[in-house]
Amino acid sequence: MPKPLYELTIHEALAGLRAGEFSAVALTQALLDRIDAVDSQVKAYLTVTREQALEGARNADARRARGEDAPLLGVPLAIKDVLATEGIETTCGSQILKGFKPPYTATAVKRLETAGAIILGKVNCDEFAMGSSNENSGYFVTHNPWDLDRVPGGSSGGSAAAVAAQAALGALGTDTGGSVRLPASFCGIVGLKPSYGRVSRYGLAAYGSSLDQIGPMTKNVRDAALLLQVMAGHDPLDSTTLDVPVPDYSATLTSSIAGLRIGLPQEYFIAGIQPEVEQAVRAAVQQLASLGAEIVPVSLPNTDKALPVYYVVATAEASANLARYDGVRFGFSAQAASMFDNYRQTRGQGFGPEVKRRIMLGTYALSAGYYDAYYGKAQQVRTLIKQDFEQVFAQVDLIACPISPTTAFRIGEKTDDPLAMYLTDVFTISLNVAGICGISIPCGFDNNGLPIGLQLVGPHLGEETLLRAAYAYEQSTTWHQNRAELK
Amino acid sequence: MKLTTKLITKLTTEEVRHVAELAKLSLTEEEIAQYTEQLSAILDYAARLQEVDTSGVPPTPYVLPLSNVMRADEAAPSLSNAAALANAPDSDNGFFRVRAVFEE
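Okay, so let's go over this structure. (Residues numbered from 1 in each chain as written. Chains lettered and ligands numbered in written order. Predicted model: local features only at pLDDT ≥ 70, side-chain atom pairs only at ≥ 80, totals over all residues.)

Section: the overall build of chain A
Moving on, step 1. Helix and strand content of chain A: 15 helices and eleven strands.
Moving on, step 2. Against the compact-globule benchmark of 23 Å for 487 residues, chain A has a radius of gyration of 21 Å, which places it among compact chains.
Moving on, step 3. Principal-axis analysis of the C-alpha atoms places the extent of chain A at approximately 65 × 55 × 45 Å.
Moving on, step 4. When the 487 residues of chain A are sorted by exposure, 62% land in the buried category.
Moving on, step 5. Pairs at least 24 residues apart make up 76% of the contacts formed inside chain A by residues separated by at least 6 positions. (Helix = DSSP H or I, 4+ residues; strand = E, 2+ residues; numbered from the N terminus. Rg over C-alpha atoms; globule rule 2.2 N^0.38 Å. Buried ≥ 20, exposed ≤ 12 C-beta atoms within 10 Å, placed from the backbone. Contact = placed C-beta atoms within 7 Å.)

Digging into the overall build of chain B
Moving on, step 1. Scanning chain B from N- to C-terminus turns up three helices and two strands.
Moving on, step 2. Written out in order from the N terminus, the α and β elements of chain B read α-α-α-β-β.
Moving on, step 3. Compactness check: chain B gives a C-alpha radius of gyration of 23 Å against a globular reference of 13 Å for 104 residues, more than 25% above the reference.
Moving on, step 4. Over its C-alpha atoms, taken along the principal directions, chain B stretches across nearly 55 × 45 × 25 Å.

So, the sheet that holds strand S8 (residues 294–298) of chain A
Residue and element names in this part refer to chain A.
Moving on, step 1. Judged by pairing direction, the sheet is mixed, and its eleven strands sit side by side in the order S1-S3-S2-S4-S6-S5-S10-S11-S9-S7-S8 without closing on themselves. On the outer flanks of this sheet lie strand S1 (45–48) and S8, each paired with one strand and no other. Recorded for the sheet is a direction-independent mean angle of 30 degrees between the axes of neighbouring strands.
Moving on, step 2. Pairing of strand S5 (residues 190–193) with strand S6 (residues 213–218), which is carried by two bridges, proceeds in the antiparallel orientation. In the sheet register, Val190 faces S6, and the bridge partner there is Thr218. (Pairing = 2+ DSSP bridges. Axes fitted to C-alpha atoms, helices over the stretch in contact; angles between N-to-C directions.)

Thoughts on the environment of Phe332 of chain A
Residues and elements named next belong to chain A.
Moving on, step 1. Structurally, Phe332 can be placed in the loop between helix H9 (306–321) and helix H10 (339–350).
Moving on, step 2. For the pair Phe332 and Leu97, spaced 235 residues apart in sequence, the C-alpha to C-alpha distance is 6.2 Å.
Moving on, step 3. Sequence-distant contacts of Phe332, defined by excluding residues within four places in its chain, comprise Gln95, Ile96, Lys98, Gly327, Thr346 and Gly350.

A look at the interface of chain B and chain A
Moving on, step 1. Taken together, the contact between chain B and chain A spans 48 residues of the former and 55 residues of the latter.
Moving on, step 2. Where the side of chain B that touches chain A is concerned, the elements lending two or more residues are helix H1 (13–22), helix H2 (29–46) and helix H3 (81–85) of chain B.
Moving on, step 3. At seven residues, the largest contribution of residues to the side of chain B that touches chain A is made by H2 of chain B.
Moving on, step 4. Split by residue class, the side of chain B that touches chain A holds 36 nonpolar, eight polar and four charged. (Nonpolar A, V, L, I, M, F, W, Y, C, P; charged D, E, K, R; others polar.)

Side note on H9 of chain A
Note: α-helices contain 3.6 residues per turn, so residues at a spacing of three or four share the same orientation.
Moving on, step 1. For H9 of chain A, with 16 residues, the first-to-last C-alpha span of 21 Å sits near the 22 Å given by 1.5 Å per residue.
Moving on, step 2. Of all the 16 residues making up H9 of chain A, 14 are buried; the element is thus mostly covered by neighbouring parts of the structure. (Expected span 1.5 Å × (residues − 1).)

Some words on the environment of Thr49 of chain A
All names here are of chain A.
Moving on, step 1. Inspection of the secondary structure assignment puts Thr49 in the loop between S1 and helix H3 (50–65).
Moving on, step 2. Residue Thr49 is classed as buried on the basis of its C-beta count, with 22 C-beta atoms lying within 10 Å.
Moving on, step 3. Contacts of Thr49, omitting those with residues within four sequence positions, involve Ile88, Ile119, Leu120 and Gly121.

Quick notes on the packing of helix H2 (residues 24–42) of chain A against H3 of chain A
Residue and element names in this part refer to chain A.
Moving on, step 1. Two elements in contact, H2 and H3, have axes whose closest approach is 8 Å; the angle formed by their N-to-C orientations is 155 degrees. In this view, H2 runs roughly antiparallel relative to H3, as classed from their interaxial angle. As for how H2 packs across H3, the hand of that crossing is right-handed. Of the residues in H3, those touching H2 at Ala24, Val25, Thr28 and Leu32 are Arg50, Ala53, Leu54, Ala57, Arg58, Ala60 and Asp61. (Parallel < 35°, antiparallel > 145°, perpendicular 65-115°, else oblique. Left-handed = near helix turned anticlockwise from the far one by under 90°.)

Quick notes on helix H5 (residues 157–164) of chain A
Moving on, step 1. Here H5 of chain A lies mainly inside the structure; eight of its eight residues are buried.
Moving on, step 2. Regarding H5 of chain A, the residues found buried are Gly157, Gly158, Ser159, Ala160, Ala161, Ala162, Val163 and Ala164 of chain A.

Here's the deal with the pairing of S5 of chain A
Residues and elements named next belong to chain A.
Moving on, step 1. Residues Val190 and Leu192 line one face of S5 and the alternating positions Gly191 and Lys193 line the opposite face, and both faces are buried.
Moving on, step 2. Where S5 and strand S10 (residues 437–445) come together, three bridges link them in antiparallel fashion. Bridge assignment links Lys193 to a residue of S10, and that residue is Gly438.

Some words on unusual backbone geometry
Moving on, step 1. For the peptide bond that leads from Gly154 of chain A to Ser155 of chain A, omega is 5 degrees, which places it in the cis range.
Moving on, step 2. Along the chain, Ser155 of chain A turns up in the loop between strand S3 (118–123) and H5.
Moving on, step 3. Its identity as a non-glycine residue notwithstanding, Phe128 of chain A has a phi of 50 degrees, on the positive side.
Moving on, step 4. One can find Phe128 of chain A in the loop between S3 and H5.
Moving on, step 5. Residue classification places Phe128 of chain A among the buried positions, given that 30 C-beta atoms sit within 10 Å.
Moving on, step 6. Although it is not a glycine, Asn93 of chain B adopts a positive phi angle of roughly 55 degrees.
Moving on, step 7. Among the secondary structure elements, Asn93 of chain B is positioned in the loop between strand S1 (91–92) and strand S2 (95–96).

Note that every value here comes from positions in space, so none of it alone points to a role or purpose.
Written out as structure tokens, the structure is:
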């Protein structure tokens, strides 16, 4: 029996579509049926755009029948709900945007659609991408397909769970402090955070504008390279996108990594890390060495300052970015009698607890008397963290380390202690602070059968080498072939 | 940069109320009590930044070396009035309707 179409990777699907083995309609229907079969357990989707997806698939088939092709023609994907999709409800996982239908589509999504991709729907996330477990969604908690009692990670938990449950061939996530890489790791898939400025943020609901990046979440490295290829590049609608050429990421994917210098930062192998995670990551580093990479001990001395820098900078930026949700132009309005009461009540009722906590923290850090001590100081320490990486990347090509100190934790385990939850991101956050790129790739399982992720880190715009090393590692192991079993 | 403010990592409920007002958030008494405790713990953690010697270190508000990205000042298509108002909780005659700014 041939394998069900929902089990295909993006490249396998494209090969089948191009060979005429199946239609985009059949493929899309297989994914929609899979969503019907498993999503009542996983709860990855906030909105399934069934009719539009099938309409898109019919168009893709018609284009192919006319002899056309495109990089993603007929490939069904899921989109994190913080990305604007014209006419399709976009909530950011927040009650304050319930019912909001954007009048335009985010550039990253638009580029996927222009390349022929089909949008299956919008997937769940922590409210405004603020969280590490998906438990901060204003709607419901997404479950980890590997163990339904556990979190999928956050904030792009719906994206990771949808791909891991094979309810999408790939997905877009966003990463402000690890929100692509952490859930990818917890759900046993590949997640890439591009360098700041590589992918347009136009149409991404802003959280921490100096940190946010959109990234692909896929079943393997080759698929991630393809989605990045389609999305990357200058966008006149986002002046922080770099106007520099986009390399052909797939072209060098299969090249040898012999002689590549990979740094192992001592600060990322700390007390408290789950033993199986450390063992799996160290074994992966050995595997990279056996493929010809040279492993070099390195030091990033300001690593333990990245988390406090992040929680000052990200919340300060969030407090300004989220000022726009005022009940006047879009979204929920409390309909209070006076102007200021309407602002206060709209925001007080519309935002969830974590979003309010971060707005409060950011407002405090920017307030008179505390600005220099918190925000000013954090910006200076940010310089030191960035310099740490610049010095290390003068010696090595990439860095290898864990994604998270632990595998997926239980739903409810950390909800009462925000600081413990924040510590989940201790290994991912410094990349956003420095603006560099990183990827999570499956590198093993713990004693409970939960996936473990290896993090490879590259310098700014170092995606080519990053993807090449990730691909070499992936192809020399079988971890990425394992799939969560759902009844 | 001289640090003129002594860090207070134990917030009072009055400070939390003040910050909530700056952020235009109506909070319940329960939320104020909870945030007073939780924000104190997080700020205490953030206070470790003070241990770092940053004398002479420039700030990084933003990681890219870009500044003043300009474009030609040319008219281009934009949202229609109807599209811009489509999600408005309240609108009137092509405008967003807001509550009175000045009280009588």
